Amino acid sequence: MTSETIRLDAMGSLRRSHLCGEIGNDSVGQEVVLAGWVNRRRDHGGVIFVDLRDRTGIVQLVFKPEVQQAAHERAGLLRNEYVLMVRGVLENRADDAINDKMKSGRVEVNVAELRLLNTATPPPFVIEEESDAEESTRLRHRIHDLRRPPLQRAIEVRHKLARAVRKTLDGLGFLEIETPILTRSSPEGARDFLVPARLQPGSFYALPQSPQIMKQLLMIGGCDRYYQLARCFRDEELRADRQLEFTQVDLEMSFVGVEDVLEVLEEVTQAGCAAAAGVQFERPFRRISYKEAMARYGSDKPDTRITLELCDLTEVFATSEFKAFRSNVDAGGVVKCLHVPDAKALSRGDIDRLEKLVRKELGAKGLGWIRIGDDGEWKSPITKFLSNEEREAITKVTGLSPGSLLFFQADEEGRANAILSRLRVDLGLRLGRTDGREWDVLLVVDFPLFERDAEGQLSYVHQPFVAPLEEDIPLLDSDPEAVRGTHYDVVINGTELGSGSLRNHRSDVQLKILELMGYTRERAIDSFGYLLEALETGAPPHGGFAFGFDRWAMLMTGAESLREVIPFPKTQRGQDLLMRAPGGVEDNQLEDLSIRVRKPKPSA
Ligand code: ASP
């Protein structure tokens, strides 16, 4: 270890006077005491320069032999990431050394006293704004990675969001209440993390996928307004925007209707975005119904800055001779199209590439297209199948004009929408078809309560506790698929930031909904008996929402992965490379838990 050969100093009576980021031209002539890490050392024949870094910025130190010989000698020992405290006078830099990109770029500290507080092993990569190190290297050496400015900024953004949320909700009379981490399995749609219960061998706690039921129980318990920055755990496949554990801004309120909750949701969103990134959203937020979002954008989380839109041509092809489209309509599918006006920039090769992409990644059967030439001529392999009336109808529905390109999908509605909405975003960004706004906030409302799953069984759209619109309750008996829920989503720039709803506060309605989703009465009582019983103890009408907090930080920083805004994230394979989790345990620990582990199958 290097520290055996290098004498370390104590801070002694020296106290830091400034953070590096506070140093600017205005302090010239002052004596300052700074502390931090050696970002870089340069020897210029006699004079030694050191860039000193802390969380807030970098300041140049200069060690001159004629000013302080002892400090200058010790400066020769400094290596990257050594930890220092220095005292010196702030002076103007020589003209040729000015760097106006840095706040402290016109000044430097002429060091009179150096305290070397610690040495450091050589860093595995350079600590700088953009790192070219592999992500696995950065995660294995997360301590060094955390010293990089983007991660420091992300951590600060999280803090600012949390502070704004707490301040806003405190002002609105919400209480911050913790809920258990060791709890019971709850149906949020993902796989649970289970924890063996030592005291009840064979039984397991589940880590909460969200505190959904718990916050409802708090409302029934008379707590009136609850919030929490809640840790949630879902054992799912990881993606750039998904981690095994994540944080939600979770809240619930009593004696409210949808409008009351949306008011709070808007206020929290507005305050958080302003505090974290200076984004100013005007209220009320724009609203769009689920139906309209799916019709125009093919997505329930549209980025409405992109100006391209979808059209529905199902009716046009319902009586068509063009069999490929007609048979799909007969089978209950749709024909939708994406209209790209003025699409000359897209070559035939581009279209072929797009077709390959949607076939490979989205399971498309193909990609129909029609190009309208400058002379108004229709050029496409499918033109010959279209009658004049069909052409007229397509022109009318899409509003096409010379230069337009239409992309078609004849498929089951969900897939047609998924494919065209992906094309809409890809082409919108590629061709710059945006309205120029930097930020887009949207409330998506009027979701249906149920959808049919692959087996044709009614299933929840959001989660099983969403209340139907009061006037739709009778439809639960006659036409459940037509029942509208009270669910709402908030979407920023095409990312779903959060969602919520009013909840069933009537036990009979909750039980009916569970039964419609295929639960027998016995199973419903076995799984949710405690909630159903609680609803019978005098449950107030209540509702709330939850925001993905990490996702919010990602949006506010412009990061492309959650791993860039979480201090200690997991890899795609669910590993923490720094702590080396998950890891093995001792046999006696398993013994205590009455667990025997089957040897994993050797991997192929
Ligand atoms: N608990 C829900 C979720 O995690 C959010 C809510 O409805 O409050 O998606």
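The coordinates are above.
No experiment lies behind these values; they were computed from the predicted model shown.

Caption draft 1: Examining the overall build of the chain more closely. Of regular secondary structure, the chain possesses 17 helices and 22 strands. Each principal axis of the C-alpha distribution contributes one length, and for the chain these read about 95 × 75 × 55 Å. For the chain, the residues scored as buried account for 47% of the 604 residues in total. Within the chain, contacts between residues separated by at least 24 positions form 67% of all contacts whose residues are at least 6 apart in sequence. Counting every atom, the chain has about 30400 Å² of accessible surface; 49% of that belongs to carbon and sulfur.

Caption draft 2: Here's a closer look at the state of the cysteines. Inspection of every chain in the model, using the stated rule, returns zero disulfides. Residue C223 stays outside any disulfide, its sulfur separated by 19 Å from that of C232, the closest cysteine. With a relative accessible area of 0%, C232 lands in the buried category.

Caption draft 3: Summary view of the layout of surface pockets. Estimates place the volume of the second largest pocket at around 850 Å³. It is strand β1 (residues 31-44) that provides the largest number of residues to the lining of the second largest pocket, a total of five residues. Its residues placed into classes, the lining of the second largest pocket shows ten nonpolar, nine polar and 14 charged.

Caption draft 4: Main features of the pattern of salt bridges. Scanning all chains against the criterion turns up 52 salt bridges. For D300, the salt bridge identified is with K301, shortest N-O distance 3.8 Å. Take K301: its relative accessible area is 36%, and that puts it in the partly exposed class. One network of salt bridges, with partners in common, ties together R138, R142, D145, R148 and E564.

Caption draft 5: Broad picture of the packing of aromatic side chains. In total, this model carries ten aromatic pairs according to the counting rule given. Where F281 meets F285, the ring centres are 6.0 Å apart and the plane angle is 70 degrees; that geometry is what we call edge-to-face. With respect to class, F281 is no different from F285; both count as buried. Judged by centre distance (4.8 Å) and plane angle (80 degrees), the ring pair of F317 and F325 falls under edge-to-face.

Caption draft 6: The site of the ligand, seen in detail. Taken together, 13 residues sit near the ligand, with Q212, K215, Q248, H462 and R503 positioned nearest. For the ligand, an oxygen atom lies 2.9 Å from a polar atom in the side chain of Q248. Q463 places a side-chain nitrogen or oxygen 3.2 Å from an oxygen atom of the ligand. Contact with the protein chains removes 92% of the 280 Å² of surface that the ligand exposes when unbound. The set of elements that each furnish at least two residues to the shell around the ligand consists of α5 (212-220), β21 (495-502) and β22 (542-548). Class assignment of the residues belonging to the shell around the ligand gives a composition of two nonpolar, seven polar and four charged.

Caption draft 7: Focus on the sheet that holds β21. Spatially, β6-β9-β10-β22-β21-β20-β17-β11 is the arrangement adopted by the eight strands of the open sheet, whose pairing is mixed. What marks the edges here is a single partner per strand, and that holds for β6 (175-176) and β11 (286-289). For strand β17 (residues 441-445) and strand β20 (residues 488-492), the ladder comprises four bridges, and the chain directions are antiparallel. Note that in β20 the partner of L443 across the bridge is V490. Of the strands in this sheet, β9 (225-233), β10 (245-254) and β22 are in contact with α5, which crosses β10 at around 25 degrees.

Caption draft 8: Representation of empty space enclosed by the protein in the model. A full pass over the atoms with the stated rule returns two cavities of 30 Å³ or more. Surrounding the largest cavity, 14 residues form its lining, L449, Y460, V461, Q463 and V466 being those nearest its centre. Here the lining of the largest cavity is built from residues that sort into ten nonpolar, four polar and no charged. Its volume calculated, the second largest cavity comes out at about 50 Å³. Lining the second largest cavity we find L139, R142, F568, P569, T571, Q575, D576, L577 and L578. Its residues placed into classes, the lining of the second largest cavity shows five nonpolar, two polar and two charged.

Caption draft 9: Representation of the sheet that holds strand β16 (residues 405-411) within the structure. The strand order across the open sheet formed by five strands is β12-β13-β16-β14-β15, and the pairing between neighbours is antiparallel. This sheet does not close on itself; its edge strands, each paired only once, are β12 (309-312) and β15 (378-379). Running over the sheet, helix α7 (residues 290-297) touches β12 and β13 (334-340) and is turned about 95 degrees from β12. Packing of helix α12 (residues 413-430) onto the sheet brings it into contact with β12, β13 and β16, and relative to β13 it is tilted by some 5 degrees.

Caption draft 10: Examining the nonpolar core more closely. Formed by 43 residues in total, the largest nonpolar core has its most connected members in F547 and W552. No other element matches helix α6 (residues 258-277), which puts seven residues into this core. When near neighbours in sequence (up to four residues on either side) are disregarded, F547 contacts T247, Q248, V249, L265, V268, T269, V490, L497, G498 and W552. Among the nonpolar cores identified, the runner-up in size contains 24 residues, and C20, F63, A75 and L78 belong to it.

Caption draft 11: Region of interest: the environment of D350. With respect to the helices, strands and loops of the structure, D350 is situated in helix α10 (residues 348-362). In this view, D350 contacts A345 and R430; residues no more than four positions away in its chain are not counted.

Caption draft 12: The packing of α10 against α12, seen in detail. At a closest axis distance of 11 Å, the pairing of α10 and α12 adopts a crossing angle of 135 degrees. In terms of orientation, α10 lies oblique with respect to α12. Where α10 crosses over α12, the handedness of that crossing is right-handed. Together, D350, L354, L357, V358, E361 and L362 of α10 and R415, A418, I419, R422, L423, D426, L427 and R430 of α12 make up the contact between the two elements. Its residues placed into classes, the contact of α10 with α12 shows eight nonpolar, no polar and six charged.

Caption draft 13: Here's a closer look at the side chain of R142. Its place among the elements puts R142 in helix α3 (residues 142-146). Within the structure, R142 has its side chain in polar contact with the side chain of D145 (distance 2.7 Å).

What counts and what doesn't
- Residues numbered from 1 in each chain as written.
- Predicted model: local features only at pLDDT ≥ 70, side-chain atom pairs only at ≥ 80, totals over all residues.
- Heavy atoms only, no water.
- Helix = DSSP H or I, 4+ residues; strand = E, 2+ residues; numbered from the N terminus.
- Buried < 20%, exposed > 50% of the residue type's maximum accessible area, 1.4 Å probe, protein only.
- Contact = heavy atoms within 4.5 Å.
- Areas by Shrake-Rupley, 256 points an atom, 1.4 Å probe, with all protein chains shown as cover.
- Disulfide = S-S within 2.5 Å.
- 1 Å grid on protein atoms, 1.4 Å probe; cavity = no way out; pocket = protein on both sides within 12 Å on 5 of 7 lines; lining within 4 Å.
- Points joined across faces, edges and corners; volume = space filled by probe spheres on them.
- Nonpolar A, V, L, I, M, F, W, Y, C, P; charged D, E, K, R; others polar.
- Salt bridge = Lys/Arg side-chain N within 4 Å of Asp/Glu carboxyl O.
- Phe/Tyr/Trp six-rings, centres within 6.5 Å; stacked < 30°, edge-to-face > 60°.
- Near = heavy atom within 4 Å.
- Polar contact = N/O pair within 3.5 Å; in protein donor to acceptor, adjacent residues only side chain to side chain.
- Pairing = 2+ DSSP bridges.
- Axes fitted to C-alpha atoms, helices over the stretch in contact; angles between N-to-C directions.
- Core = buried A, V, L, I, M, F, W, Y, C linked by side-chain atoms within 4.5 Å.
- Parallel < 35°, antiparallel > 145°, perpendicular 65-115°, else oblique.
- Left-handed = near helix turned anticlockwise from the far one by under 90°.

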